[in-house]
Amino acid sequence: MVPVLLVLLLALLLFGAGFAIKVLWWIAIAVLVIWLLGFLLRSTTASGHRSRWYRW
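What this report covers is the structure whose coordinates are included nearby. (Residues numbered from 1 in each chain as written. Predicted model: local features only at pLDDT ≥ 70, side-chain atom pairs only at ≥ 80, totals over all residues. Heavy atoms only, no water.)

## Re the overall build of the protein chain
Broken down by element type, the protein chain carries 1 helix and 0 strands. Scored against the burial criterion, the 56 residues of the protein chain give a buried share of 0%. Surface accessibility of the protein chain: about 5,500 Å² in total, with carbon and sulfur atoms responsible for 80%. (Helix = DSSP H or I, 4+ residues; strand = E, 2+ residues; numbered from the N terminus. Buried < 20%, exposed > 50% of the residue type's maximum accessible area, 1.4 Å probe, protein only. Areas by Shrake-Rupley, 256 points an atom, 1.4 Å probe, with all protein chains shown as cover.)

## Considerations on a nonpolar patch on the surface
A cluster of nonpolar residues, Ile 21, Trp 25, Trp 26, Ile 29, Leu 32, Val 33, Trp 35, Leu 36, Leu 37, Phe 39, Leu 40 and Leu 41, forms a patch on the protein surface that exposes about 1,300 Å² of accessible area. Relative to the elements of secondary structure, Ile 21 occurs in helix H1 (residues 2-40). (Patch = residues over 30% accessible without salt bridge, like charges linked within 9 Å, V, L, I, M, F, W, Y side chains within 5 Å. Salt bridge = Lys/Arg side-chain N within 4 Å of Asp/Glu carboxyl O.)

So this is what it looks like as structure tokens:
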């Protein structure tokens, strides 16, 4: 009975980790798209140069 419970627990942990990793991939892709859009659509200054879109 204990080995069956251990296998079920391991399957549950692996399923949870797989779901979390898949969600993190979608978040990473969304952040990358937002970063690329901010980089490509940044405004220009009065002199025609492109300004920095980040504040660091």
